[in-house]
Amino acid sequence: MKKKRAKIDKKGKKNDEKNKSFTKKQKLWLILSGGAIGLLNGFFGGGGGMICVPILQKVLGLDAKQSHATAIAVIFPLSLISAFVYVINGYISSFPLLSVGLGVVLGGITGSFALKFLPPKAIRIIFAIIMFVGGIRLII
Amino acid sequence: MNTFLTIILYAILGFASGIFGGLGMGGGTLLIPLLNIFLGFDQKLCQGINLVSFLVMALFSLIIHFKNGYIQTKGIFYIIISGLALSLLGSFLAGALPSEILKISFGVFLCILSVVQFAQTISPKGKKDKNKGK
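None of the values given here were measured: they were computed from a predicted structure.

**Comments concerning the overall build of chain A**
At step 1: When helices and strands are counted, chain A shows 6 helices and 0 strands.
At step 2: Across chain A, helices and strands are ordered from the amino to the carboxyl terminus as α-α-α-α-α-α.
At step 3: For chain A, with 140 residues in total, the buried portion stands at 44%.
At step 4: Taking the contacts inside chain A whose residues are at least 6 apart along the sequence as the reference set, 47% of them involve residues at least 24 apart.

**Structural notes on the interface of chain B and chain A**
At step 1: Counting residues at the interface gives 87 residues for chain B and 83 residues for chain A.
At step 2: Looking at the side of chain B that touches chain A, the elements that each hand over two or more residues are helix 1 (2-22), helix 2 (27-39), helix 3 (43-68), helix 4 (76-96) and helix 5 (99-122) of chain B.
At step 3: Among the elements that line the side of chain B that touches chain A, the one with the most residues is helix 3 of chain B, at 20 residues.
At step 4: Classifying every residue of the side of chain B that touches chain A gives 52 nonpolar, 32 polar and 3 charged.

**Quick word on the packing of helix 2 of chain B against helix 5 of chain B**
Residues and elements named next belong to chain B.
At step 1: Where helix 2 contacts helix 5, the axes come no closer than 11 Å and their chain directions differ by 135°. Of the possible angle classes, the one that applies to helix 2 and helix 5 is oblique. Where helix 2 crosses over helix 5, the two elements pack in a sense that is left-handed. From helix 2, T29, I32, P33 and N36 reach across to helix 5, where they touch K103, F106, L110 and L113.
At step 2: Grouping the constituent residues of the contact of helix 2 with helix 5 by class yields 5 nonpolar, 2 polar and 1 charged.

**Here's the deal with the environment of A11 of chain B**
At step 1: In this fold, A11 of chain B is placed in helix 1.
At step 2: Placed 107 residues apart in sequence, A11 of chain B and F118 of chain B show a C-alpha to C-alpha distance of 28 Å.
At step 3: Leave out the neighbours within four places in its chain, and A11 of chain B touches S99, V100, L102 and G103 of chain A.

**A short note on the nonpolar core**
At step 1: Grouped together as the largest cluster of nonpolar side chains are 67 residues, with contacts concentrated most on C52 and V100 of chain A together with L35 of chain B.
At step 2: Ranked by the residues each element gives to this core, the list is headed by helix 4 (residues 64-88) of chain A, at 11 residues.
At step 3: Domain assignment of the residues forming this core places at least three in each of domain 1 (1-92) and domain 2 (94-140) of chain A.
At step 4: Residue contacts for C52 of chain A: discarding those within four places in its chain leaves I37, A71, V74 and I75 of chain A.

**Focus: the confidence of the model for chain A**
Residue and element names in this part refer to chain A.
At step 1: On average, residues of chain A score 83 in pLDDT, and 84% of them reach the 70 mark or higher.
At step 2: Ranking the elements of chain A by mean pLDDT puts helix 1 (residues 2-18) last, at 47, and helix 2 (residues 24-44) first, at 93.
At step 3: Confidence drops under pLDDT 50 across residues 14-18; counting only partners more than four residues distant or on other chains, this segment forms 1 contact.

Thresholds, definitions, all that
- Residues numbered from 1 in each chain as written.
- Chains lettered and ligands numbered in written order.
- Predicted model: local features only at pLDDT ≥ 70, side-chain atom pairs only at ≥ 80, totals over all residues.
- Helix = DSSP H or I, 4+ residues; strand = E, 2+ residues; numbered from the N terminus.
- Buried ≥ 20, exposed ≤ 12 C-beta atoms within 10 Å, placed from the backbone.
- Contact = placed C-beta atoms within 7 Å.
- Nonpolar A, V, L, I, M, F, W, Y, C, P; charged D, E, K, R; others polar.
- Axes fitted to C-alpha atoms, helices over the stretch in contact; angles between N-to-C directions.
- Parallel < 35°, antiparallel > 145°, perpendicular 65-115°, else oblique.
- Left-handed = near helix turned anticlockwise from the far one by under 90°.
- Core = buried A, V, L, I, M, F, W, Y, C linked by C-beta atoms within 7 Å.
- Domains from an automatic or database assignment.
- pLDDT = per-residue confidence, 0-100.

Here is the structure:
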């Protein structure tokens, strides 16, 4: 019985996702988290996507691949506005931007194709550890 | 020759973080500390470079993800609207603070993110769903 119920629930959820209607609670969550993502992404010049992924998964019920790809679509307009402010304030110089940017673009294209084979847990854990060490290094 | 090597080095660092960016795993959270720690760039320059290069990279990866059918536009409008307003605030706030403070706060931000990601990766998703069902 329980299993059957679970199945129906899951189907119901999927149907809800297909319809465009969202509950007030969902909308509130999306708006609040959007604010947090924007604030952090603008302040730190990145990292908003990492907060966006779990929110897309929990609030909108997207799967891992969808949420990773959709996070990029969400962050894009936010980063556009922030980049504009950074450029106006004169923080960016062209030589490092062009050479680093070239690498980022090529790497990004490679990574996008690789999303089909979403990285295994081991890589994510290593990535988290590298981030932690980097963070400590910046604080010190 | 020296300039050439510099370009290569910069591009390699960019490439490494670009891969994670394209995966939607937070390329910027890797690029910014890399540029800061290994190349000694100013924190604001790192953040600016990340923002601009992300934009160009995202154009390509969005096209690829869209073709693969991974982009779900339902509901993201709400996130974007409030996000736009506060990203303006965030950017100006970053500009108002000295780079050294920005750098330390970014370090704290990184540590928190990494712990959260670590916890998320380890916790099995199946278990959570079962608990909700009960």
